[in-house]
Structure formats: structure tokens, C-alpha cells
Amino acid sequence: MSAQKADIRVEHEIHRRRRSRNVGLGLVLGAFVFLIMGMTYVKLTTQNAERAEKIRAEEAAAQGTETSTTKEGSD
Amino acid sequence: MSDASIDSRLDTGEAQFGDYFALLKPRVMSLVVFTALVGLLAAPGSVHPLLAFSAILFIAIGGGASGALNMWWDADIDRIMRRTQSRPIPTGRITEGEAFAFGMFLAAFSVIMLGLASNYVAAGLLAFTIFFYVVIYTMWLKRWTPQNIVIGGAAGAFPPMIGWAVATGGVSVESVLMFTLIFMWTPPHFWALALFMKSDYRDAGVPMLTVTHGRKSTRLHIIVYTILLAPIAIGTGFTSIGGPLYLAASVLLNLAFLKGAWDIWRRDEAQADADSYRTEKRFFALSLLYLFAHFLAILAEKALAAYGLGGWA
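On a predicted model such as this, the values are computed, not experimentally measured, just so you know.

*Asks:* Before we go on, may I ask you to explain the overall build of chain A in this structure?
*Replies:* The number of helices and strands found in chain A is three helices and zero strands. Ordered by position from N to C terminus, the α and β elements of chain A give α-α-α. By residue count, 0% of the 75 residues in chain A fall in the buried class.

This is the structure in C-alpha cells:
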């Protein structure tokens with residue numbers, strides 16, 4: 001068991017040699033995750049809000065037309 | 001083979017993170033970022049800052065992917081030319097196969113991500129730019145015709161159009177003019193470089209104008225293209241992205257550029273050799289300033305417009 005632990009801790013020479021590559025790739029992937037999160041948040045909060053507002057306005061306009069048509073009909 | 005011999009073999013020339021970054025041609029990428037950003041900011045309408053940042057990032061990655069694929073295809077001539085011998089493939093730090101896979105992955109990634117971050121017109125333009133640079137310029141024109149720089153220059157001219165499309169979802173006269181400005185600027189810029197990078201292109205067998213038509217003809221071509229460039233650059237000043245500041249800057253820059261081209265045209269090889277191509281090198285440096293200042297002036301007009309000062313309104 002203790003021997004296994006020691007094996008895990010041992011840093012192979014290849015790890016040292018590829019450190020800059022691995023650290024760089026890790027940072028790039030981490031940054032990409034945050035970027036996707038940010039883009040998703042912006043798209044949901046701004047673009048969807050704009051679209052929802054437009055749909056609400058269209059619905060309100062359609063309802064207004066319907067009401068006025070009904071009123072005209074009842075006269 | 002002992003463990004020691006395996007280790008010593010692996011130890012030589014392992015590619016680091018910086019080598020993969022170098023594969024993206026960061027200097028070219030900086031021009032792509034700057035011109036795309038100006039195209040995006042000069043366009044009417046607004047884009048959320050994070051989406052604008054993402055779009056510029058993906059355009060830059062697309063430009064970098066083109067650079068990696070260019071290095072993959074041109075590895076043979078990069079080994080010959082002094083200017084390119086220290087690139088990651090000629091030095092053996094990255095294999096040609098790795099560069100190809102890296103470039104293809106980034107090309108697909110950048111186009112898809114730009115489409116998701118902005119719109120599919122911008123993504124389509126980016127895809128076409130990568131295709132144009134890699135297939136039309138690198139694989140076809142570069143080793144076939146001395147007009148390689150003229151037609152291939154289109155690839156470097158697309159970024160402001162892509163930036164504009166990110167903001168507007170389309171193409172307009174202004175974005176086409178920004179494209180034309182870079183397109184017409186590229187030949188004199190590269191031919192000046194070819195004049196003082198004397199034997200590189202000849203050694204590599206690249207049919208640069210200096211190799212196929214001679215240096216005297218190249219000097220003539222430089223002045224002709226510089227004359228054709230001037231009305232396009234100045235004319236842009238009368239559109240919605242121009243204004244008095246841009247116009248003043250453009251007139252001065254074009255006068256200086258024309259003077260430089262005139263000086264190059266009047267010289268012969270003996271004179272150029274005598275002062276180690278000082279005029280040609282100065283013209284090359286001026287060409288970088290010329291393009292940077294034009295796009296900076298477009299940006300300044302847009303910034304001033306926010307205070308009611310820029311543009312013609």
C-alpha cells in the first residue's frame with residue numbers, strides 16, 4: 001500500500017518536460033469553460049429577454065386588435 | 001536500446017506550449033485581431049462586450065489555424081528560407097502531421113464557435129477566409145504565379161469584413177472598402193519585403209515577382225499599386241466610417257507612401273546594394289504604419305462620434 005502511494009507521488013521525467021504544455025492546455029481549457037458560461041449567460045439574459053419582449057409586444061398588439069374587432073361587432 | 005537512450009532521444013526538441021502558439025503565426029494574428037476589431041467597432045449597432053470579445057477571439061483562432069495549415073503545407077520551403085528556418089516544423093519540435101491536425105481542429109472549432117457567438121454570415125466568411133488562405137493561396141497560387149501576393153492578399157483582407165458581419169449580420173460598402181484597402185495594400189508591402197529579402201524566395205523556388213520579372217519590374221509594380229491604393233484609402237474617408245480626421249490622416253499617409261514608392265521606383269540595384277536597401281526597408285516599415293494608422297483613424301472617428309464630433313454628421 002505504502003509502496004503504491006510512493007509510486008503515485010513519483011514525478012516522471014516526462015511530466016517535468018511537458019509541464020509548460022500541460023499547464024498551458026489546462027489554463028486554455030479552464031478559460032474556455034468560463035467563456036462558454038459567460039456567453040450562455042449573456043445570450044440568455046439579453047438576447048432572450050429582447051426576443052421575449054418582442055413576442056409580448058406582438059401578443060399585446062394582437063389582443064388589442066381582437067378586442068377592437070369584438071367591440072365593433074357588438075355595436 | 002536502453003532506457004537511457006530512450007530518454008535522451010525524447011529529451012531533444014520536445015514541443016512546448018510556446019511552439020504550438022508559434023504555429024498560429026502570432027504576428028499575423030495581431031493584424032487580424034486589430035482589423036477585425038476595428039470592423040466590429042466601426043459597424044452600426046452594438047454587440048455585448050463579452051460576445052464581441054468572444055467573436056474576436058474566434059476570428060483570431062481561425063487566423064491562427066490558417067497559419068498552422070500554411071506551415072504544414074510549406075514545411076519544405078520553410079526549411080530553405082532563412083526567415084522561416086526557426087519555425088517549429090523546420091526545427092523538428094512539431095511534426096507536419098501534428099501541425100495539420102492542430103490546424104484542422106482549430107479551423108473547425110473557430111468557425112463553429114464564431115457561428116454560435118455571433119451569426120452564421122460571420123462564420124461563413126471566416127470559413128471562406130481559411131479556405132482561401134490555405135487552399136487558394138498556400139496550396140495553389142503561392143508556388144504557381146508571381147501574382148500570388150496580389151490574389152492571396154484577399155485572405156488577409158477579410159478580417160474587418162468578418163468583424164463588420166459580427167455586428168451587422170451582413171456585408172456593406174464600408175466593409176468592402178476596408179477589405180479593398182488591405183487587399184490593395186498587401187502587394188506593395190510584400191514586394192518591398194521581397195526586394196530586400198534577396199535570395200530567400202529564389203532559393204525556395206517561390207515565384208515572387210522579383211524572381212520571375214526582375215527587380216526593376218517589381219519596383220514599377222510597387223508604384224502602380226501604391227497609386228491605385230491612394231484613391232481607395234482616401235475615398236473611404238467620405239463614407240460613414242470616415243470623417244475629417246480620417247481624411248486628413250489618409251491624405252498625409254498616402255502622400256508619404258507615394259513618395260516612398262517613387263523613391264523605390266527611381267532607384268536601381270547598385271544604389272540599393274550600396275545602402276543595404278535602406279529605402280526599401282523604410283518603405284516596408286512605413287507600410288505597417290500606413291495600415292495601422294488608417295484603421296486607427298476609423299476607430300477614432302467612431303469614438304469621437306459618441307461625443308458628436310466624429311464622422312460627417
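*Asks:* Would you explain the overall build of chain B in this entry?
*Replies:* What chain B contains, in helices and strands, is 16 helices and zero strands. Here chain B has a C-alpha radius of gyration of 21 Å; the compact-globule value for 313 residues is 20 Å, and the two agree. A principal-axis box enclosing the C-alpha atoms of chain B has dimensions of 75 × 55 × 30 Å. Taking all 313 residues of chain B together, the buried fraction comes to 45%. Nonlocal contacts in chain B, meaning residues at least 24 apart in sequence, comprise 74% of its contacts between residues at least 6 apart.

*Asks:* Just checking my understanding: could you explain the nonpolar core for this structure?
*Replies:* Most often, soluble globular proteins keep nonpolar side chains buried together rather than apart. Residue and element names in this part refer to chain B. Residues Ile59, Ala68, Leu114 and Ile162 are the most contacted members of the largest nonpolar core, which totals 90 residues. Among the elements that line this core, the one with the most residues is helix α10 (residues 173–196), at 14 residues. When neighbours within four sequence positions are excluded, Ile162 is seen to be in contact with Ala36, Gly39, Ile59, Ala122, Leu125, Leu126 and Thr129.

*Asks:* Quick question: what am I supposed to make of the interface of chain B and chain A here?
*Replies:* How big an interface is tends to be expressed through the accessible area that disappears when the partners come together. If you look at the interface, chain B gives ten residues, while chain A gives eleven residues. Of all elements in the fold, only α1 (3–11) and α4 (49–73) of chain B reach the threshold of two or more residues within the side of chain B that touches chain A. No other element matches α4(B), which puts three residues into the side of chain B that touches chain A.

*Asks:* What's the story with the environment of B:Gly214 in this structure? I'm lost.
*Replies:* Topologically, B:Gly214 is positioned in helix α13 (residues 214–235). For the pair B:Gly214 and B:Leu195, spaced 19 residues apart in sequence, the C-alpha to C-alpha distance is 9.7 Å.

*Asks:* Would you mind going over helix α14 (residues 244–266) of chain B with me for this structure?
*Replies:* In an α-helix there are 3.6 residues to a turn, and that puts residues three or four apart on one side. The terminal C-alpha atoms of α14(B) lie 33 Å apart, and with 23 residues this matches the ideal 33 Å at 1.5 Å per residue to within 8%. Every buried residue of α14(B) is accounted for by B:Tyr246, B:Ser250, B:Leu253, B:Asn254, B:Phe257, B:Gly260, B:Ala261 and B:Ile264.

*Asks:* Would you mind showing me how to read the packing of α14(B) against helix α16 (residues 278–305) of chain B here?
*Replies:* A pair of packed helices is characterised by two quantities: the angle between their axes and the separation of those axes. Residue and element names in this part refer to chain B. Relative orientation of the contacting elements α14 and α16 amounts to 170°, with a least axis distance of 9 Å. One element, α14, and the other, α16, form an angle in the roughly antiparallel class. Broken down by class, the residue content of the contact of α14 with α16 amounts to 16 nonpolar, four polar and four charged.

*Asks:* Just checking my understanding: could you explain the confidence of the model for chain B for this structure?
*Replies:* The predicted coordinates of low-pLDDT regions are not to be read in fine detail. All names here are of chain B. Of all residues in chain B, 95% have pLDDT values of 70 or greater, and the mean over the chain is 90. Under a pLDDT of 50 for its full length, residues 1–12 has, in the predicted model, three contacts with residues more than four places off or in other chains. Interface predicted TM-score (ipTM) for the complex: 0.77; the corresponding pTM is 0.84.

*Asks:* How should unusual backbone geometry be read in this particular structure?
*Replies:* The phi angle of most residues is negative, glycine excepted, and most peptide bonds adopt the trans form. Residue and element names in this part refer to chain B. Even without being glycine, Ser276 reaches a positive phi, approximately 55°. Mapped onto the elements of the fold, Ser276 is located in the loop between α15 (269–274) and α16. By C-beta crowding, Ser276 is classed as exposed, having 9 other C-beta atoms within 10 Å. One non-glycine residue, Tyr277, lies in the positive phi region at around 60°.

*Asks:* Can you walk me through the packing of α10(B) against α16(B) in this structure?
*Replies:* Residue and element names in this part refer to chain B. With their axes 8 Å apart at the nearest point, α10 and α16 run at an angle of 160° to one another. In terms of orientation, α10 and α16 fall into the roughly antiparallel class. In this structure, α10 meets α16 at a crossing whose hand is left-handed. Of the residues in α16, those in contact with Leu181, Ile182, Trp185, Pro188, His189, Ala192, Leu193, Leu195 and Phe196 of α10 are Glu280, Lys281, Phe283, Phe284, Ser287, Tyr290, Leu291 and His294. Per-class residue counts for the contact of α10 with α16 are twelve nonpolar, three polar and two charged.

*Asks:* I would appreciate a short explanation of the environment of B:Pro160 in the present structure.
*Replies:* Residue and element names in this part refer to chain B. Looking at where Pro160 falls in the secondary structure, it is placed in helix α9 (residues 159–168). As for Pro160 and Arg215, which are separated by 55 residues in sequence, their C-alpha atoms are 32 Å apart. With residues up to four places along the chain from it excluded, the contact list for Pro160 reads Thr35, Ala36, Val38, Gly39, Ser175, Met178 and Phe179.

The rules behind these values
Residues numbered from 1 in each chain as written. Chains lettered and ligands numbered in written order. Predicted model: local features only at pLDDT ≥ 70, side-chain atom pairs only at ≥ 80, totals over all residues. Helix = DSSP H or I, 4+ residues; strand = E, 2+ residues; numbered from the N terminus. Buried ≥ 20, exposed ≤ 12 C-beta atoms within 10 Å, placed from the backbone. Rg over C-alpha atoms; globule rule 2.2 N^0.38 Å. Contact = placed C-beta atoms within 7 Å. Core = buried A, V, L, I, M, F, W, Y, C linked by C-beta atoms within 7 Å. Expected span 1.5 Å × (residues − 1). Axes fitted to C-alpha atoms, helices over the stretch in contact; angles between N-to-C directions. Parallel < 35°, antiparallel > 145°, perpendicular 65-115°, else oblique. Nonpolar A, V, L, I, M, F, W, Y, C, P; charged D, E, K, R; others polar. pLDDT = per-residue confidence, 0-100. Left-handed = near helix turned anticlockwise from the far one by under 90°.

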